[in-house]
Amino acid sequence: MHIETKGDGPDLVLVHGWAMHSGIFAPLTRALADRYRLHLVDLPGHGASPERPATLDLADCARRIAERVPRALWIGWSLGGLVCLHAALQGQASVAALALIATNPRFVIGENWPHGVAQSVFSDFATGLHRDYRRTIERFLALEAHGSEHALAELRELKAHVFDRGEPDLQAMCSGLDLLAGEDLRLQLAQLAVPSLWMAGRRDRLVPASAMQWAAHAARSGRYLDFSAGHAPFIGHAAAIADAIDHFHHATVLP
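Residues numbered from 1 in each chain as written. Predicted model: local features only at pLDDT ≥ 70, side-chain atom pairs only at ≥ 80, totals over all residues. Heavy atoms only, no water.

J.: I keep staring at the overall build of the protein chain and nothing clicks. Help me out?
T.: Assigned secondary structure in the protein chain consists of 10 helices and 7 strands. Taken over C-alpha atoms, the radius of gyration comes to 16 Å for the protein chain, in line with the 18 Å a tight globule of 255 residues would show. Overall, the protein chain is about 50 × 40 × 35 Å in size when its C-alpha atoms are taken along their principal axes. In the protein chain, the proportion of contacts linking residues at least 24 apart, taken out of those at least 6 apart, comes to 76%. Accessible area of the protein chain: about 9900 Å², with a carbon and sulfur share of 48%. Charge separation in the protein chain, taken as the distance between the mean sites of 23 positive and 27 negative side-chain charges, equals 2 Å. (Helix = DSSP H or I, 4+ residues; strand = E, 2+ residues; numbered from the N terminus. Rg over C-alpha atoms; globule rule 2.2 N^0.38 Å. Contact = heavy atoms within 4.5 Å. Areas by Shrake-Rupley, 256 points an atom, 1.4 Å probe, with all protein chains shown as cover. Lys, Arg positive; Asp, Glu negative; His and termini not counted. Charge placed at Lys NZ, Arg CZ, Asp CG, Glu CD.)

Encoded structure:
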């Protein structure tokens, strides 16, 4: 797994979402690099990571990242947030706290769980990957930007970065969709032993803000913030997200 380190100061680990790589955090890393040392992860099958796994294993990814980074605040976006949650639930010593952006403990709706999307959303994208790989990823990016007050700018930013480290591995993409459709960490949230900050986009079409509110309440020491944004609030609201991370870090990690 490729992990790039940049900046100087207290340590932060950043883990990207589905079909992307750590380059997508560029607006946020620009806002944080003068204050922190950033460990930017490219998950297997994504970005600069040469590994092409048969299946993507979030718990294994969490363990392997934890072995290579110092004690830090872990920041995860969407699928990357699930990796961060796994690391914290494993009790990894390198996880001092969690800051989760647009991360749902269960991404699909179900009985007694209205805070998600239909299973068909992920099934349709999986089918589309085999028919038209690039167009399907671009459709997903459009869904991520949809609803944001800066939707066109965010979509341009997402498109600018998605393929700039090569194409993500098809098998990793399909495996990632299966994980998004099947993962359910709701019951485990009460076992979180580290502070957590849950940051939502109020206009997010993939992860309702209500899911993040619920998760913050279910987690130990959970805090909730929202922004007038879609699924990638760190693009249009990078300065505000960076400030929230900074305040959370000073309140929970530095003591």
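J.: How do you make sense of the nonpolar core when you look at a structure like this?
T.: Across soluble globular proteins, you tend to see nonpolar side chains buried next to one another. Membership of the largest hydrophobic core comes to 94 residues, with the highest contact counts inside it found for Ile65, Trp74, Trp77 and Leu98. Not counting residues up to four positions away in its chain, the partners in contact with Trp74 are Val13, Ala62, Ile65, Ala66, Val69, Cys84, Ala87, Ser94, Val95, Ala97, Leu98 and Ala99. (Core = buried A, V, L, I, M, F, W, Y, C linked by side-chain atoms within 4.5 Å. Buried < 20%, exposed > 50% of the residue type's maximum accessible area, 1.4 Å probe, protein only.)

J.: Where do I start with the environment of Pro195 in this structure?
T.: By the secondary structure assignment, Pro195 is in the loop between helix H7 (170–182) and strand S6 (196–201). Expressed as a C-alpha distance, the spacing of Pro195 and Leu73, which sit 122 residues apart in the sequence, is 9.6 Å. Sequence-distant contacts of Pro195, defined by excluding residues within four places in its chain, comprise Ala96, Ala97, Leu98, Arg220, Ser221, Phe248 and Thr252.

J.: Would you explain the pattern of salt bridges in this entry?
T.: Any two side chains of opposite charge can pair, on the condition that their charged atoms come close. Summed over all chains, the structure comprises 13 salt bridges. For Arg63, the salt bridge is made with Glu67, and the minimal N-O distance between the two is 3.0 Å. Three or more residues are tied together by salt bridges with common partners; here these are Glu51, Asp60, Arg63, Arg64 and Glu67. (Salt bridge = Lys/Arg side-chain N within 4 Å of Asp/Glu carboxyl O.)

J.: Looking at this structure, how should I read the pairing of strand S3 (residues 37–42)?
T.: For a regular strand, side chains alternate in direction, first toward one face of the sheet and then toward the other. The buried fraction of S3 is high, at 5 of 6 residues. Where strand S1 (residues 2–7) lies against S3, 6 bridges are found, and the strand directions are antiparallel. Looking across to S3, one finds that Ile3 is bridged to Val41. Where strand S2 (residues 11–15) meets S3, 5 bridges bridge the pair, whose relative direction is parallel. (Pairing = 2+ DSSP bridges.)

J.: What is the right way to read the packing of aromatic side chains from this model?
T.: For any pair of aromatic rings, the description consists of the separation of the ring centres together with the inter-plane angle of the planes. Taken as a whole and assessed by the stated rule, the structure comprises 3 aromatic pairs. Ring plane angle 50 degrees and centroid distance 5.1 Å describe the contact between Phe25 and Phe234, whose orientation is recorded as tilted. Remark: Phe234 occurs in helix H9 (residues 233–236) and Phe25 occurs in the loop between S2 and helix H1 (26–32); sequence separation between them is 209 residues. Comparing Phe25 with Phe234, the two get one shared label, buried. (Phe/Tyr/Trp six-rings, centres within 6.5 Å; stacked < 30°, edge-to-face > 60°.)

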